[in-house]
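Summary of the model geometry
These are the residues of each chain, in order.
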Amino acid sequence: MTRDFLITVKIKLFAIYQEIYQQEEITLKISEKSQVKDILKIIIQEKPALKKWENLTKLAVNLEFVSPDFEVKDGDEIALIPPVSGG
Amino acid sequence: MTCFTNFAITFAPISIAEVYQLADHASNGAIVIMSGTVRNQTEGKPVRYLEYQAYEPMAINIFQQISHQIKEKWQDTNSIIIHHRIGKLIIGDISVLVAVGCPHRGEAFCACQYAIDTLKHNAPIWKKEYFEDGVSSWVSIGACEELIINSQK
């Protein structure tokens, strides 16, 4: 029998994500060996209004851009980065 | 050769005099400063003000990476200063200042343009436009470019 271990990650929310959630960050418990794209899927399922941003959102873990299949670890800080517009 | 760098993200107004002073160096023959300012309209729609937001620690990391890339491309660069403002900005306010000091103007112009272009594409900073008609929306330059690229495929 395999047991599903859970890890805790912090999700930083910005721009449209922050507006929809009305929060700057949330904490999620997810199964270990989850990929960062799985987290984005959970977020979109929770808030379907964000669906149109899904394919435009880049992902960062611990302040670095990562590919969608990056495996997250317990305690990681994940950021959802919708299209940027600094300058 | 060492290159002086200084990065900041701040709610307080940013100062041309300050970034100039920080970029000043005896080996410079030129300092190029890029000042980004809040425009009064977007595609003809009057803008009232902008609200900027940043993922500060990551944005500072991106500024650092931009500086590393500049030092590789233009090795004589003496100074790279990037200050970005966040919070509510009104028409005419300065949102970003990039100053690059080099021995010659050619590399200073190129490096400064590289810095602001890369910042606009990569730095996790967002602005929301509040229009005169009460509508507001998050600006997504990157998304527009991606849509244009996709439609050209």
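Keep in mind that this is a model prediction, so the values were computed, not measured.

Here we look at the overall build of chain B
- Counting secondary structure elements, chain B contains four helices and nine strands.
- For chain B, the succession of helices and strands along the chain, N to C, is β-α-β-β-β-α-β-β-β-α-β-β-α.
- Its C-alpha atoms give chain B a radius of gyration of 16 Å, near enough to 15 Å, the size a compact globule of 153 residues would have.
- Looking at the 153 residues of chain B, the share that counts as buried comes to 46%.
- Of the roughly 7,800 Å² that chain B leaves accessible, carbon and sulfur atoms contribute 52%.
- Placing the 12 positive and 15 negative side-chain charges of chain B at their respective mean positions leaves the two points 4 Å apart.

Some remarks on the sheet that holds strand E7 (residues 94-102) of chain B
All names here are of chain B.
- Spatial ordering of the open sheet is given by E1-E5-E7-E2, a layout of four strands whose pairing is mixed. Two strands lie at the open edges of the sheet, namely strand E1 (4-10) and strand E2 (30-37), each paired on one side alone. With direction set aside, neighbouring strand axes in the sheet form an average angle of 5°.
- With seven bridges joining them, E1 and strand E5 (residues 79-85) adopt parallel strand pairing. Bridge assignment links Phe4 to a residue of E5, and that residue is Ser79.
- Docked against the sheet, helix H1 (residues 16-23) engages E1, E2, E5 and E7, running at close to 160° with respect to E5.

Overview of the nonpolar core
- Core analysis: the biggest nonpolar cluster contains 34 residues, and Phe63, Ile66, Ile70, Ile82, Val98, Leu119 and Ile125 of chain B have the highest contact counts within it.
- Those elements giving two or more residues to this core turn out to be E1, E2, strand E4 (45-54), helix H2 (56-73), E5, E7, helix H3 (105-122) and strand E8 (125-131) of chain B.
- For this core, the leading source of residues is H3 of chain B, giving seven residues.
- When neighbours within four sequence positions are excluded, Ile66 of chain B is seen to be in contact with Tyr114, Ala115, Thr118 and Leu119 of chain B.
- Counting residues in each nonpolar core, the second largest holds 33 residues, with Ala15, Tyr17, Val36 and Val84 of chain A among its members.

A closer look at the pattern of salt bridges
- All chains considered together, the criterion is met by eight salt bridges over all chains.
- Note that Asp38 of chain A and Lys41 of chain A form a salt bridge whose closest N and O atoms lie 3.9 Å from each other. Of this pair, Asp38 of chain A and Lys41 of chain A both sit in helix H2 (residues 36-46), three residues apart, which is roughly one turn of the helix.
- The exposure class assigned to Lys41 of chain A is partly exposed, which follows from its relative accessible area of 41%.
- One salt bridge in this structure joins Arg85 of chain B and Asp93 of chain B, with 3.6 Å as the shortest N-O distance.

Focus on the side chain of Glu129 of chain B
- Counting through the fold element by element, Glu129 of chain B comes out in strand E8.
- Despite its burial, Glu129 of chain B pairs with no opposite charge; the closest candidate is Arg39 of chain B, at 5.5 Å N-O.

Section: the interface of chain B and chain A
- If you look at the interface, chain B gives 29 residues, while chain A gives 21 residues.
- Where chain B abuts chain A, roughly 2,100 Å² becomes buried across the two surfaces, and 58% of that area is made up of carbon and sulfur atoms.
- Our count for the chain B to chain A interface comes out at one salt bridge.
- Ionic pairing is found between Glu19 of chain A and Lys128 of chain B, a salt bridge with its closest N-O pair at 2.6 Å.
- At the junction of chain B with chain A, the criterion picks out 15 residue pairs in polar contact (both at pLDDT 80 or more).

Regarding the pairing of strand E3 (residues 58-61) of chain A
Residue and element names in this part refer to chain A.
- When E3 meets strand E5 (residues 77-81), the two strands line up antiparallel, connected through four bridges. Of the residues in E5, the one forming a bridge with Lys58 is Ile81.
- Hairpin remark: E3 followed by strand E4 (residues 64-66), antiparallel, with two residues in the connecting loop; positive phi at Asn62, about 50°.

Points about the confidence of the model for chain B
All names here are of chain B.
- Residues at a pLDDT of 70 or more form 91% of chain B, whose mean pLDDT is 93.
- A low-confidence stretch, residues 144-153 (pLDDT under 50), is modelled with two contacts involving residues beyond four sequence positions or located in other chains.
- Our summary of model confidence lists the complex with pTM equal to 0.92 and ipTM equal to 0.94.

Observations concerning the side chain of His84 of chain B
- Along the polypeptide, His84 of chain B turns up in strand E5.
- Looking at His84 of chain B, the relative accessible area reads 0%, which means it is buried.
- Here Gly87 of chain A takes part through its backbone nitrogen, which lies 2.9 Å from a polar atom of the side chain of His84 of chain B.
- In this structure, His84 of chain B is in contact with Gly86 and Gly87 of chain A together with Ala8, Ile9, Thr10, Ile14, Tyr52, Phe63, Ser95, Val96, Leu119 and Ile125 of chain B, ignoring residues within four places of it in sequence.

Rules of the game
- Residues numbered from 1 in each chain as written.
- Chains lettered and ligands numbered in written order.
- Predicted model: local features only at pLDDT ≥ 70, side-chain atom pairs only at ≥ 80, totals over all residues.
- Heavy atoms only, no water.
- Helix = DSSP H or I, 4+ residues; strand = E, 2+ residues; numbered from the N terminus.
- Rg over C-alpha atoms; globule rule 2.2 N^0.38 Å.
- Buried < 20%, exposed > 50% of the residue type's maximum accessible area, 1.4 Å probe, protein only.
- Areas by Shrake-Rupley, 256 points an atom, 1.4 Å probe, with all protein chains shown as cover.
- Lys, Arg positive; Asp, Glu negative; His and termini not counted.
- Charge placed at Lys NZ, Arg CZ, Asp CG, Glu CD.
- Pairing = 2+ DSSP bridges.
- Axes fitted to C-alpha atoms, helices over the stretch in contact; angles between N-to-C directions.
- Contact = heavy atoms within 4.5 Å.
- Core = buried A, V, L, I, M, F, W, Y, C linked by side-chain atoms within 4.5 Å.
- Salt bridge = Lys/Arg side-chain N within 4 Å of Asp/Glu carboxyl O.
- Buried area = accessible area lost by both parts, 1.4 Å probe.
- Polar contact = N/O pair within 3.5 Å; in protein donor to acceptor, adjacent residues only side chain to side chain.
- pLDDT = per-residue confidence, 0-100.

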